[in-house]
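In case you want the letters, here they are:
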Amino acid sequence: MNGIYLDNMATTQCRPEIFDAMLPWFMEHFGNPLSLHKLGQEALVAVENARSQVAALVNSAPDEIIFTGTGTESCNFAVKGLAQAYAKKGRHLVISAIEHHAVFNPVKYLEKNGYEVTEVPVDASGLVDPEDVAGAIRPDTVLVSVMLANNEIGTIQPVAEIGAITRQRGVLLHADGCAAVGNIPVDVAALGVDALSLSGHKFNGPKGAGALYLKKGTRITPLIHGGVQEQGRRAGADNVPAIVGLGKAAELAAAGMSERVSRITAMRNRLVRGILDNIDEVYYNGHAEARLPGHVNVAVNFVEGEALLLLLMHEGIMASSGSTCTSKALKASHVLSAIGLPEQVCQGSLQLTLGAGNTIAEMDKVIEALPRVVSRLRAMSPLYKKSAAKA
Ligand SMILES: *Cc1c(COP(=O)(O)O)cnc(C)c1O
């Protein structure tokens, strides 16, 4: 690949071992796991092997893993499927203010259909206070949904503490783990969640491969009705190559976890230091410790995120401006607003997300290029000149 890829929250590169593991299941072994003959049965074994691999990654039993098409589908399934299955108990949901749209929008959909929603705020580092969740739970609350790690600012939520509360109050807990699973150790038993969403392409697996962990005994209303696949909970012929790829990605992620986390954390710390030491008026967003290893979100005051991205692209650096708020017509990112970042500052939002493939040399190139690019943009900013004159 040419250039420096620092957009691993958008997606990650599929690893060659994973691609190789998927290949035979397209042509040679093309069977449907529901078929009783040899081709079908080998596909069934492959799917069940992948289920065990994903289960091992999150410390669940294999039959608690339901394969889905995407992380978005998993989140939709959890939110709508649990809310519907337990609607007799009540129609009230609790979510955090910084959920991904994969949770936010199905919740909005339910709201239009007679459900009530309480949104709990986050502090300036993006953390939910478990006491706020406790305070939001009512007798008719069926589900709490709080993401494990935020994709925009990288903050990791105290889900285990929230899980202790939901268990005690008899309320279901879903955690959107799409940004977290495969990137940090995740243990569904330790977290005390009833459901957890994950997505293969966020940890070097294929796109279009997701899963939902659903605790044994938990009822769920299917999103997709049809055949008996996934114990009747998600109909449609299994995407065997994608499932095999997701399983392999889970196996590799689990095997290299601690080494990868420390290597990526070290690169991130170097990058953050380099940015903060060489650029003034930068806000480092998210939590200092409770954050994804490879996640850097900064807001550079007096520049526009999209201009920054363009100039970085010329330097061969691929990053993201998150949910941008560059024009007044577009709303500020709900996450940056929720952590209280001033509107003007959030214009200069920049997300650099590291993955297993990045190197220290790449970090140093960014540390060299970014201050130069920022100076160039600020040289054109009357606001920056005014503030510099004041100082
Ligand atoms: C990526 C992501 C999703 C969506 O997963 P897809 O597989 O891309 O649909 C949901 N939530 C979070 C936090 C994510 O990072």
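What counts, and where the lines are drawn
- Residues take numbers from 1 onward in each chain, read along the sequence in its written order.
- With pLDDT at 70 or above as the cut-off, local features in this predicted model cover only qualifying residues; side-chain atom pairs require 80 or more to be listed or tallied, and sums for whole chains, interfaces and linings still use all residues.
- In computing side-chain values, all of the structure's heavy atoms are included and hydrogens and water are not.
- Here a helix means four or more residues in a row that DSSP labels H or I, a strand means two or more in a row labelled E, and each is numbered from the N terminus.
- What a helix should span is 1.5 Å times the count of its residues minus one.
- Exposure categories follow from relative accessible area, calculated using a 1.4 Å probe and restricted to protein chains: below 20% of the type maximum is buried, above 50% is exposed, and the middle band is partly exposed.
- Here, two residues are considered to be in contact whenever any of their heavy atoms come within 4.5 Å of each other.
- The patch calculation keeps residues exceeding 30% relative accessible area without a salt bridge and links them within 9 Å when they carry like charges or within 5 Å when they are nonpolar (Val, Leu, Ile, Met, Phe, Trp, Tyr).
- Accessibility throughout is a Shrake-Rupley quantity obtained with a 1.4 Å probe, and a residue counts as covered only by protein chains that appear here.
- Every case where a carboxyl oxygen of Asp or Glu lies within 4 Å of a side-chain nitrogen of Lys or Arg is listed as a salt bridge.
- His is not counted here, nor are the chain ends, while Lys and Arg score as positive and Asp and Glu score as negative.
- Each charge is placed at NZ for Lys, CZ for Arg, CG for Asp and CD for Glu.
- Two strands are counted as paired when DSSP detects at least two bridges linking them.
- Here the axes come from fitting lines to C-alpha atoms, over the contacting stretch only for helices, and the angles between their N-to-C directions go from 0 to 180 degrees.
- Where each domain begins and ends follows an automated or database-derived domain assignment.
- Accessible-area loss on putting two parts together, using a 1.4 Å probe and summing over both, is the definition of buried area adopted here.
- Distances are taken per atom, and a residue is near a molecule or strand as soon as one of its heavy atoms is within 4 Å of it.
- N or O atoms within 3.5 Å of each other form a polar contact, as long as, within protein, one can give a hydrogen and the other can take it, and as long as residues adjacent in sequence are counted only when both atoms are side-chain atoms.

Q: I keep staring at helix α9 (residues 240-255) and nothing clicks. Help me out?
A: One turn of an α-helix holds 3.6 residues; hence residues three or four places apart share an orientation. For α9, with 16 residues, the first-to-last C-alpha span of 23 Å sits near the 22 Å given by 1.5 Å per residue. With respect to burial, α9 is a largely interior element, 12 of its 16 residues being buried. Among the residues making up α9, those that are buried are V240, P241, A242, I243, V244, G245, L246, G247, A249, A250, L252 and A253. Its buried side turned inward, α9 meets α1 (16-22), α2 (38-58), β2 (65-68), β7 (195-199), β8 (210-214) and α10 (257-278).

Q: I'm lost on the side chain of N8 in this one. Help?
A: Turning to its location among the elements, N8 is positioned in the loop between β1 (4-5) and α1. Judged by its relative accessible area of 10%, N8 is buried.

Q: Explanation requested: a negative patch on the surface in the structure shown.
A: A cluster of acidic side chains, namely D123, D129, E131, D132 and E161, defines a negative patch on the protein surface. Within the secondary structure, D123 sits in the loop between β4 (116-120) and α5 (130-136). Since its relative accessible area comes to 37%, D123 is described here as partly exposed.

Q: I would appreciate a short explanation of the sheet that holds strand β10 (residues 295-300) in the present structure.
A: Strand pairing in a sheet takes place through backbone hydrogen bonds and is either antiparallel or parallel in direction. Taken together, 3 strands build an open sheet; the order of strands is β9-β10-β12 and the sheet is antiparallel. Looking at the sheet topology across the chains shown, the edges are occupied by β9 (282-284) and β12 (349-353). On average, adjacent strands in this sheet sit at an angle of 25 degrees to one another, irrespective of strand direction. Where β9 and β10 come together, 3 bridges link them in antiparallel fashion. Note that in β10 the partner of Y284 across the bridge is V298.

Q: Explain the domain arrangement of the chain to me, please; I cannot follow it from the model alone.
A: Size of an interface, as often reported, equals the accessible area lost when the parts are brought together. Under the domain assignment used here, the chain contains domain 1 (4-11 + 257-382) and domain 2 (16-255). When each unit is reduced to the centre of its C-alpha atoms, the spacing between domain 1 and domain 2 is 28 Å. Facing 23 residues of domain 1, the contacting portion of domain 2 comprises 32 residues. For the pair domain 1 and domain 2, the summed buried surface comes to about 2,300 Å²; carbon and sulfur atoms form 57% of the total. On the domain 1 side of the contact with domain 2, M257, L292 and H334 bury the most area, a combined 28% of that side's loss.

Q: Sorry, what's going on with the environment of G90 here?
A: In this structure, G90 sits in the loop between α3 (71-85) and β3 (92-96). On a C-alpha basis, the gap between G90 and D140 in space is 4.2 Å, while along the polypeptide they are 50 residues apart. Dropping the residues within four chain positions of it, G90 is found in contact with Y115, D140 and V142.

Q: What's the story with the sheet that holds β7 in this structure? I'm lost.
A: On the basis of which strands lie adjacent, the open sheet formed by 7 strands has the order β2-β8-β7-β6-β5-β3-β4 and mixed pairing. With partners counted over all chains shown, the strands left at the sheet margins are β2 and β4, one partner each. Averaged over all neighbouring strand pairs, the angle between strand axes comes to 20 degrees, with direction disregarded. Bridging between strand β5 (residues 141-145) and strand β6 (residues 172-176) involves 3 bridges; their strand directions are parallel.

Q: Looking at this structure, I do not really get the site of the ligand. What am I missing?
A: What surrounds the ligand is a group of 13 residues, the closest being G71, T72, D176, S199 and K202. S199 has a polar side-chain atom sitting 2.7 Å from an oxygen atom of the ligand. H201 places a polar side-chain atom, nitrogen or oxygen, 2.8 Å from an oxygen atom of the ligand. Coverage of the ligand by the protein amounts to 90% of the 380 Å² it exposes when considered alone.

Q: Honestly, α2 in this entry has me stumped. Any pointers?
A: With 21 residues, α2 extends 31 Å between its outermost C-alpha atoms, agreeing within 8% with the 30 Å of an ideal straight helix rising 1.5 Å per residue. Of all the positions in α2, only G40, E42, A43, A46, V47, A50, R51, Q53, V54, A55, L57 and V58 are classed as buried. The first or second residue beyond α2 is N59, which carries a positive phi of 60 degrees.

Q: Is there a simple way to explain the pattern of salt bridges in this structure?
A: Side-chain pairing between opposite charges can occur once the charged atoms of the two side chains come close. Going through the model one piece at a time under the given rule, you end up with 16 salt bridges. When the shortest N-O distance is used, the salt bridge between E73 and R234 registers 2.7 Å. Here E73, found in helix α3, pairs with R234, found in the loop between α8 (229-232) and α9; they are 161 residues apart in sequence, far enough to count as distant. The exposure class assigned to R234 is buried, which follows from its relative accessible area of 18%. Between R273 and D277 there is a salt bridge, and its shortest N-O distance comes to 3.8 Å. Separated by 4 residues within a single helix, R273 and D277 lie in helix α10, roughly one turn from each other. Because the salt bridges share partners, they merge into one network encompassing E48, R51 and E230.

Q: Can you walk me through a nonpolar patch on the surface in this structure?
A: A contiguous nonpolar patch, built from F19, L23, F26 and M27 and spanning about 460 Å² of accessible area, is present on the exposed surface. Along the polypeptide, M27 turns up in the loop between α1 and α2. The class of M27 is exposed, set by a relative accessible area of 70%.

Q: For this particular structure, what's the right way to read the environment of L214?
A: Its place among the elements puts L214 in strand β8. Separated by 20 residues in sequence, L214 and D194 have C-alpha atoms that sit 5.9 Å apart. Beyond its immediate chain neighbours, meaning those up to four positions away, L214 contacts E64, I66, L82, D194, A195, I220 and R233.

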